[in-house]
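# Close look at the chain arrangement
Given next are the chains, with one letter for each unit.
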Amino acid sequence: MKKSFWSKLAIGLSSLALLAGCSSNSGSGSESKESGSKSIDTLKVAFVPSRDPEAIVTATEPLKELLKQELAKEGYDVKNVDITVGTSFDAVGEALASGSADVGFLPGGTYVLYDKEVDVLLTATRDNLLKDSSNPKDWNDGLETKRGTEQATSYKGLIIAGPTEKGKELAAKINSGQELTWDDLNSAKWGVLGTSSSSGYIYPTLWLQDKYGKGISDLQNVVQSDSYASSAARLASGQIDIMVGYADVRNDYAKKWTSDYGRSEDIFKETNVIGVTPDIYNDTISVSKASPIVDDAFKEAFANAMMNIAKTDEGKEIIKIYSHKGYKKANASDYDKEREAQKLLKKLKSGN
């Protein structure tokens, strides 16, 4: 299976076990003679660890029964729903590519990296953020990033300086209206995610390329985190000076900042935005082309099921773990900008 040379070999795929066979021949869903419905023994759904994995597992537990109920309305008798959280973004992409997961909740960057083996079904919608400026100083009022009521299909990425001496030094320059130099940034310790993460790697690299003609791979001090929770914890402890993430990442870890990460001051007072990336198209729900149960009928059924679930109170409670508000039908072309971004990353990586 051909892969982008800069994606890292996924680890921990053992947690995404091979799909149990659903029929004696091909492993695909069989049709019940009594009801006329299609029977699926086990539907495997994988989530990326863009939130705390334990929190994702807890939040998504009720999704199992809801999917069974909604898919039954679509003509599918699902016996079991197996929900897992991958050890990395790429681990979930690899699981979908191999067919050991049927459905995956993926950021746009991971979907695009695996789009030869994965089809996109849905794009998540989120409440818009009332802070949307491209000027980093505008984010540094010490107040929580509030949400609006309009539904948005894209978000900005942020480069965030923490409470270390270096982090404060960088923030002071931005907040006084100065520009950061490459030496300023290269002397800091960065926390990033895997190379297929949109706001955790791809768009911060594009930001560096646009401003300094460099990328994350050119930085001297980089730590790769397995999740944004890990990056936030490292920022709080002073292990890193800078973390990268989505526009409301600080909202998601504001409580843990003081309760779990040992800080005494509010995250919005102790951190500052020092860079803002271009808009990033929202997360996807994607399906495996290699899965024995995924065909056009299943795609339509699953898309309808998730859109219906997202309209219920219980469903809204589940999907808010990713700050998702709802879902709309997606087209592969919606992520063309993501494809352009990854082409540029490959070019930077190769040095051509």
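What comes next concerns the included structure.

Cut-offs and rules
Residues numbered from 1 in each chain as written. Predicted model: local features only at pLDDT ≥ 70, side-chain atom pairs only at ≥ 80, totals over all residues. Heavy atoms only, no water. Helix = DSSP H or I, 4+ residues; strand = E, 2+ residues; numbered from the N terminus. Contact = heavy atoms within 4.5 Å. Areas by Shrake-Rupley, 256 points an atom, 1.4 Å probe, with all protein chains shown as cover. Buried < 20%, exposed > 50% of the residue type's maximum accessible area, 1.4 Å probe, protein only. Pairing = 2+ DSSP bridges. Core = buried A, V, L, I, M, F, W, Y, C linked by side-chain atoms within 4.5 Å. Salt bridge = Lys/Arg side-chain N within 4 Å of Asp/Glu carboxyl O. Phe/Tyr/Trp six-rings, centres within 6.5 Å; stacked < 30°, edge-to-face > 60°. Polar contact = N/O pair within 3.5 Å; in protein donor to acceptor, adjacent residues only side chain to side chain.

## A look at the overall build of the protein chain
Of the regular secondary structure elements, the protein chain holds 14 helices and 13 strands. For the protein chain, restricting intrachain contacts to residue pairs at least 6 apart in sequence, the fraction spanning at least 24 positions comes to 75%. With an accessible surface of roughly 15100 Å², the protein chain has 46% of that area assigned to carbon and sulfur atoms.

## What to know about the pairing of strand β11 (residues 272-281)
Within β11, 7 of the 10 residues are buried, leaving the element largely enclosed by the surrounding structure. In this structure, strand β7 (residues 154-161) lies alongside β11, joined through 7 bridges in antiparallel fashion. Bridge pairing links Ala 161 to Asn 272 in β11.

## So, the nonpolar core
In this structure, Leu 43, Phe 302, Met 306 and Tyr 327 are the most contacted members of the largest nonpolar core, which totals 83 residues. Sort the elements by how many residues they give to this core and helix α12 (residues 296-309) lands first, with 8 residues. Once you skip the residues sitting within four places of it in the chain, Tyr 327 turns out to touch Phe 105, Leu 122, Thr 123, Ala 124, Thr 125, Ile 285, Met 306, Met 307, Ala 310 and Ile 319. Of all hydrophobic cores here, the second largest spans 19 residues; its members include Ile 159, Ile 174, Val 192 and Trp 207.

## Side note on unusual backbone geometry
Positive phi, normally seen in glycine, also occurs at Ser 323, with a value near 60°. Within the secondary structure, Ser 323 sits in the loop between α13 (313-319) and β13 (326-329).

## Some thoughts on the pattern of salt bridges
Following the criterion strictly, the structure yields 24 salt bridges and no others. The closest approach of N and O atoms between Asp 279 and Lys 156, which form a salt bridge, is 2.9 Å. In this pair, Asp 279 is assigned in strand β11 and Lys 156 in strand β7, connecting sequence segments 123 residues apart. Exposure remark for Lys 156: the relative accessible area of 7% places this residue in the buried category. Overlapping salt bridges, with partners in common, bring together Asp 119, Lys 289, Asp 296 and Lys 299 in one network.

## A few points about the packing of aromatic side chains
Evaluation of the coordinates by the stated rule reveals 9 aromatic pairs. Between the aromatic rings of Tyr 111 and Tyr 335, the centroid separation amounts to 5.5 Å while the plane-to-plane angle is 70°, which identifies the pairing as edge-to-face. Here Tyr 111 is found in helix α4 (residues 108-113), whereas its partner Tyr 335 is found in the loop between β13 and α14 (336-350), with 224 residues between them in sequence. Per residue, the accessibility class of Tyr 111 equals that of Tyr 335, and both read buried. Aromatic pair Tyr 281 and Tyr 335: ring centres 5.0 Å apart, planes at 85°, arrangement edge-to-face.

## Some remarks on the environment of Pro 62
Inspection of the secondary structure assignment puts Pro 62 in the loop between α1 (53-60) and α2 (63-73). For the pair Pro 62 and Glu 314, spaced 252 residues apart in sequence, the C-alpha to C-alpha distance is 8.1 Å. With residues near it in sequence (within four places) discarded, Pro 62 still touches Glu 314 and Ile 318.

## A word on helix α7 (residues 198-212)
Since the α-helix advances by 3.6 residues per turn, residues separated by three or four positions end up pointing in the same direction. Within α7, 12 of the 15 residues are buried, which leaves the element mostly enclosed by the surrounding structure. Three or more residues of α7 are buried, namely Ser 198, Ser 199, Gly 200, Tyr 201, Ile 202, Tyr 203, Pro 204, Thr 205, Leu 206, Trp 207, Leu 208 and Tyr 212. The residue sitting at the N-terminus of α7 and contributing the capping side-chain oxygen is Ser 197; that oxygen lies 3.0 Å from the backbone nitrogen of Gly 200.

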